[in-house]
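Notes for the structure review
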Amino acid sequence: MSDIAKDIIVNLFIFISLLFIYVVNVNITSRFKTYSHFKKNLLVLICILGVILCYFFPMQKTNGTPIDLGLIPVTIAGLYGGWTGYLALLVSTLFLLFITDHTMSIHLVISGLAFTVFFYYFSPVYLKMRLRLKLITSVSLSSFLMAVLLWKLHVYSFSLTTSVMFLFAISFGTGIIVYTLEFSHNHFLILNQLQRAERMNVVSHLAASISHEIRNPLTSSRGFLQLLQQPSVSDEQRQSYSEIAIRELDQAERIIRDYLTFARPAPEQNERLNIQDEILKVVSILTPLSNSANVQINISMIEGWITGEKTKFQQCLINLVKNGIESMPKGGYLFISVSTSKNSVVITIEDQGSGMSSTQLARLGEPYFSTKVKGTGLGMMVVYRIIESMRGTITVKSQIGKGTIFTLTFPSVK
Ligand code: ADP
Ligand code: MG
């Protein structure tokens, strides 16, 4: 293999390793934060690192003119990091040249600034493109830059085959990187959307049982108010009837309030959560559902504090308790208990329902795995993701026909 081919492979290997670092990093941080957009700063930083590494592992110097695949990170930084990212990259490149060669090429400064302007206008347009167009655009852009460079600087230094090899390497490298970036970006976007879809699904499901449940207190307080209208009612009865009517209305009001605090989108931020309060709220949101399924919820709790996002934690408990209720179509008991050990809070949710086989257990948490006619199979996926984001753990014990026990463990806070 010619030396140039070897050098190209080394350069490409550098980029693929850097890409790997980026994707793994995004994957890990996205578990603890919602994924919103490309992690621009990290990407630009990695591009800068790419340029530096390429500079120190350049291609064969033919006639003393080094050339490398540094144009790949340059293109990526400009397209994905915007003009600020590109400027950061330009400044660090110039700095690198300055400290190693003690030269400050005026051509580089001028063309670099021109590209900053170019990316200022082009990067927003680029980011709105579809995948195929993005691939075509980025590959053409980097190959075009490489062609210009080969033609301008090295017109006599490289043979035609070598130039073609460079062009091929740069297209190939840019293509792989853009495709992988877009692929991982879409992956996280879809996961986020699934989580939101599951929430909407649970909310609409609960709404049905809640409107039913509110009708009961309303009808009964209406009945007592009617009784009050009768002239024959004694003062004592009047007092007690109106108390009952007020209590029933309060009950209806509480159901609506709890439901709304859960259904309304809330700012996502970590806070200290009182386990007892959260469980009581979740149980009261689900009481209409458990009543209609003839399930009795028993709670035994002690005080414990953890940290996390309120609505997400509630969503997690709701999904688990809802599954428990749904596993007992003929009714039964569902037990929720909280205990604490030295540094952790342990929540168990136990039902006496259908249970799961070992194959079902193995697939639990997989998106779209559902054994229910109207199931979405997203509930447990969301549960696993939320628990992971709170740095907790979950274990499941289940026996067909006997029931299921979920044990959640979270680090406790003072
Ligand atoms: P869905 O409830 O929409 O089916 P989930 O992700 O919440 O989706 O649950 C996936 C599957 O796991 C359910 O269809 C059910 O087969 C099983 N499952 C989950 N929790 C329980 C439970 N407590 N008892 C029995 N089976 C369960
Ligand atoms: Mg479910």
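My aim in this report is to walk through the structure given alongside it, one point at a time. As the structure is a computational prediction, the values presented were derived from the model and not from experiment.

A tally of regular secondary structure across the protein gives 11 helices and seven strands. Its C-alpha atoms put the protein at 110 × 50 × 45 Å along the principal axes. Counting over 414 residues, the protein shows a buried share of 30%.

Further remarks concern the nonpolar core. Ranked by internal contacts, the top residues of the largest apolar core, which has 42 residues, are Leu317 and Val321. Here this core takes seven residues from helix α9 (residues 310-326), the largest share from any one element. Apart from residues lying up to four places away in sequence, Leu317 is in contact with Glu278, Ile279 and Val282. Listed in part, the 34 residues of the second largest apolar core include Ile14, Ile48, Phe166 and Val178.

Compared with the 24 Å implied by 1.5 Å per residue over 17 residues, the 25 Å span of helix α2 (residues 40-56) between its first and last C-alpha is a close match. Those residues of α2 that fall on the buried side of the exposure criterion are Leu43, Val44, Ile46, Cys47, Ile48, Gly50, Val51 and Cys54.

Turning next to unusual backbone geometry. Positive phi, close to 65°, is recorded for Asn294, a residue that is not glycine. For Asn294, a count of 12 C-beta atoms within 10 Å puts it in the exposed group.

Further remarks concern the site of ligand 1. In the neighbourhood of ligand 1, 22 residues make up the surrounding shell, with Ser327, Ser370, Gly375, Gly379 and Met380 lying closest. Those elements that place two or more of their residues in the shell around ligand 1 are α9 and α11 (379-389). The biggest single contributor to the shell around ligand 1 is α9, with three residues. Residues of the shell around ligand 1, tallied by class, amount to five nonpolar, 15 polar and two charged.

For the rest of this paragraph, the subject is the sheet that holds strand β4 (residues 332-340). Pairing is mixed across the open sheet formed by five strands, whose spatial order is β2-β4-β5-β7-β6. One side of each edge strand has no neighbouring strand; the edge strands of this open sheet are β2 (295-300) and β6 (393-399). Neighbour to neighbour, the strand axes of the sheet diverge by 15° on average, direction disregarded. With seven bridges connecting them, β4 and strand β5 (residues 344-351) associate as antiparallel partners. Bridged to Val338 within β5 is Ile347. The sheet contacts of helix α8 (residues 275-292) involve β2, β4 and β5, and relative to β2 the element is tilted by about 170°. Sheet contacts for α9: β2, β4, β5 and β7 (403-411); angle to β5, the most-contacted strand, approximately 20°.

Let us now look at the packing of α2 against helix α3 (residues 71-101). Two packed helices can be described by the angle between their axes and the distance between those axes. Orientation of α2 relative to α3, taken along the N-to-C sense of each, is 50°, at an axis distance of 8 Å. On the basis of their axis angle, the class for α2 and α3 is oblique. With respect to the hand of their crossing, α2 and α3 are arranged in right-handed fashion. Across from Lys40, Leu43, Val44, Cys47, Ile48, Gly50, Val51, Ile52 and Tyr55 in α2, the residues of α3 making contact are Pro73, Val74, Ile76, Ala77, Tyr80, Gly81, Gly85, Ala88, Leu89, Ser92, Thr93 and Leu96.

Turning our eyes to something else, we now look at the pairing of β7. Taken together, the eight bridges between β5 and β7 define a ladder with antiparallel strand orientation. Residue pairing for β7: Glu350 is matched across the bridge by Ile405. Of the strand pairs in this sheet, β6 and β7 are connected by seven bridges, and their pairing is antiparallel. Bridging from a neighbouring strand, Gln399 pairs with Gly403 of β7.

Here the focus is the environment of Val74. Along the chain, the position of Val74 falls in helix α3. Sequence-wise, Val74 and Leu90 are 16 residues apart; in three dimensions their C-alpha atoms are separated by 8.4 Å. If we ignore the near neighbours within four places in the chain, the residues touching Val74 are Val51 and Leu89.

Take the environment of Ile52 next. Among the structural elements, Ile52 can be located in helix α2. Residue classification places Ile52 among the partly exposed positions, given that 17 C-beta atoms sit within 10 Å. C-alpha of Ile52 to C-alpha of Ala197: the two residues are 145 residues apart in sequence and 43 Å apart in space.

Procedures and definitions
- Residues numbered from 1 in each chain as written.
- Chains lettered and ligands numbered in written order.
- Predicted model: local features only at pLDDT ≥ 70, side-chain atom pairs only at ≥ 80, totals over all residues.
- Helix = DSSP H or I, 4+ residues; strand = E, 2+ residues; numbered from the N terminus.
- Buried ≥ 20, exposed ≤ 12 C-beta atoms within 10 Å, placed from the backbone.
- Core = buried A, V, L, I, M, F, W, Y, C linked by C-beta atoms within 7 Å.
- Contact = placed C-beta atoms within 7 Å.
- Expected span 1.5 Å × (residues − 1).
- Near = placed C-beta within 6 Å.
- Nonpolar A, V, L, I, M, F, W, Y, C, P; charged D, E, K, R; others polar.
- Pairing = 2+ DSSP bridges.
- Axes fitted to C-alpha atoms, helices over the stretch in contact; angles between N-to-C directions.
- Parallel < 35°, antiparallel > 145°, perpendicular 65-115°, else oblique.
- Left-handed = near helix turned anticlockwise from the far one by under 90°.

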